[in-house]
Structures are given as C-alpha cells and as structure tokens.
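Listed here are the chains, written in short residue letters.
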Amino acid sequence: MSPASGQDPGEEGWEVPKPIGYIAASESIHFVAAPLLATAAITAIGVILADGDKLRWPDAAVLALTVCVTLFVFSIQRSFNARTHLFSAADIDDWFGTEYRPPDTVLKQHQHDGVKKWRTTVRGATNAYNLGVVTLGLGACLALAPPEDATFWQAFFRWTASGVAAVSAGTEGISTARIWHSQRPGSP
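Residues numbered from 1 in each chain as written. Predicted model: local features only at pLDDT ≥ 70, side-chain atom pairs only at ≥ 80, totals over all residues. Heavy atoms only, no water.

**Observations regarding the overall build of the protein chain**
Broken down by element type, the protein chain carries five helices and zero strands. Counting from the amino terminus, helix and strand elements in the protein chain follow one another as α-α-α-α-α. Compactness check: the protein chain gives a C-alpha radius of gyration of 23 Å against a globular reference of 16 Å for 188 residues, more than 25% above the reference. Projected onto its principal axes, the C-alpha positions of the protein chain cover 75 × 35 × 20 Å. Residue burial in the protein chain is summarised as follows: out of 188 residues, 33% are buried. Look at the contacts in the protein chain between residues 6 or more apart in sequence, and 77% of them connect residues 24 or more apart. (Helix = DSSP H or I, 4+ residues; strand = E, 2+ residues; numbered from the N terminus. Rg over C-alpha atoms; globule rule 2.2 N^0.38 Å. Buried < 20%, exposed > 50% of the residue type's maximum accessible area, 1.4 Å probe, protein only. Contact = heavy atoms within 4.5 Å.)

Right, dumping it as structure tokens:
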C-alpha cells in the first residue's frame with residue numbers, strides 16, 4: 001500500500017479492503033439476498049411437500065433446497081462473524097472521540113489483523129452463498145421436471161424450464177469453481 005500524503009514512508013496506514021466496493025457487495029448478498037433466497041427455498045420446500053405428487057422427483061428437489069437453505073443460513077452467519085473484525089478509522093473516531101482514543105499504531109495493527117480475519121471469514125461466507133445459488137438452481141431443475149403422466153406440451157415446457165435452471169446452476173457452479181481455484185495459494 002502506498003503511504004498517504006503527509007505520512008512517513010515507513011509508517012503503515014489503515015488497511016483498505018480491496019476492491020473497496022467489496023464490503024458493500026458482500027453485505028448486500030449476505031444480509032439481503034441470502035435471507036430472501038433462503039425464504040424462497042423454504043417456501044418452495046413447503047409447496048413441494050404439499051404437492052409432490054405433481055412432480056417427477058419431489059424428494060430430490062426437497063433435499064437440494066434443504067441444502068440450499070442451510071448454505072444460505074451458513075453464509076449469513078459466517079458473514080456476520082466476519083463483519084465483527086472489520087472497522088475503519090471513522091469508526092474509531094465515532095467510538096472513542098479524540099480524548100480516549102488509543103494510539104494510532106495500536107489501532108492500525110488491530111485493524112490490519114481484523115481485515116485479514118474478515119477477508120478469510122467472508123471468503124467462506126461467499127463460497128457458501130455461491131454454493132447456495134448452485135443448489136437453488138439444482139432444486140429448481142429437479143422441481144421443474146415434469147411428472148411421468150405429463151402431456152407432450154406440458155413435458156416440453158417443463159423440460160425446457162428444467163433445462164434453463166440446470167444451465168444456470170451449471171454456469172454458477174463453473175464460476176464458483178473458478179473462484180475457488182483462484183483463491184488457492186499459488187494460483188495465478
């Protein structure tokens with residue numbers, strides 16, 4: 001990190017999470033999207049349990065959606081735990097003011113350690129969220145498959161919808177695998 005203006009070249013500044021917009025994006029997916037998607041999956045489970053006789057693979061769909069809900073809830077909890085490690089210089093000013101503020105060297109070191117913990121923990125939350133999206137797509141794919149006694153056009157439209165869900169889940173799965181690969185130590 002380059003020193004801020006007016007800072008000695010040897011003095012360490014506040015850690016800035018990169019990319020800067022990642023904090024807001026992370027909070028949006030973990031505290032807004034994940035709860036909404038988990039709620040949708042729970043609702044779908046209820047519908048499938050009530051009308052499973054109209055589906056080809058209701059039990060497999062319920063399993064996929066249950067895994068999905070579990071991953072989203074894990075994502076929310078993990079992100080909450082990650083957020084407890086993240087603070088900024090402005091937070092310090094709000095909490096301590098100038099009179100009781102600890103020395104900047106102590107605060108900066110604590111903040112640097114906190115950002116490292118946040119980064120590691122939020123990565124786990126993001127991975128769980130991404131897998132939750134994949135299993136949501138898988139659950140939709142399984143739920144959309146037509147029952148055995150479907151008419152030609154019912155089967156055509158339901159298989160088409162199921163295929164769209166499968167392609168979406170597969171695409172997200174590939175994207176998630178690429179992210180995991182890029183996060184491995186020694187990856188380019």
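Back to the text.
**Quick notes on the state of the cysteines**
Counted according to the given criterion, the structure contains zero disulfides. You can see Cys68 has no disulfide; the closest cysteine sulfur is in Cys141, sitting 14 Å from it. (Disulfide = S-S within 2.5 Å.)

**Details of the nonpolar core**
Ranked by size, the top nonpolar core spans 17 residues in total, and within it Ala34, Ala41, Ile45, Ile48, Ala61, Leu65 and Phe72 carry the most contacts. Here Ile45 is in contact with Val62, Leu65, Thr66 and Val69, once residues within four sequence places are set aside. Among the nonpolar cores identified, the runner-up in size contains five residues, and Ala82, Val115, Trp118 and Val122 belong to it. (Core = buried A, V, L, I, M, F, W, Y, C linked by side-chain atoms within 4.5 Å.)

**Remarks on the layout of surface pockets**
If you add up the space inside the largest pocket, you get close to 170 Å³. Lining the largest pocket are Glu15, Lys18, Pro19, Tyr22, Trp118, Arg119, Val122, Arg123, Thr126, Ile179 and Gln183. If you list the elements that add at least two residues to the lining of the largest pocket, you get α4 (104-144) and α5 (152-183). When residues of the lining of the largest pocket are assigned to their parent elements, the largest contribution, five residues, is made by α4. Residue composition of the lining of the largest pocket, by class: five nonpolar, two polar and four charged. (1 Å grid on protein atoms, 1.4 Å probe; cavity = no way out; pocket = protein on both sides within 12 Å on 5 of 7 lines; lining within 4 Å. Points joined across faces, edges and corners; volume = space filled by probe spheres on them. Nonpolar A, V, L, I, M, F, W, Y, C, P; charged D, E, K, R; others polar.)

**What about the pattern of salt bridges?**
In total, this model carries four salt bridges according to the counting rule given. The salt bridge partner of Arg83 is Glu27, with a shortest N-O separation of 2.3 Å. One end of the pair, Arg83, is in helix α2 (residues 58-83); the other, Glu27, is in helix α1 (residues 22-51), with 56 residues separating them in the sequence. A relative accessible area of 32% means that Arg83 is categorised as partly exposed. The residue Arg56 makes a salt bridge to Glu148 at a minimum N-O spacing of 3.2 Å. One end of the pair, Arg56, is in the loop between α1 and α2; the other, Glu148, is in the loop between α4 and α5, and 92 residues separate them in sequence. Note on Arg56: relative accessible area 24%, which makes it partly exposed. (Salt bridge = Lys/Arg side-chain N within 4 Å of Asp/Glu carboxyl O.)

Honestly, that's just the spatial picture; any functional story needs more than this.
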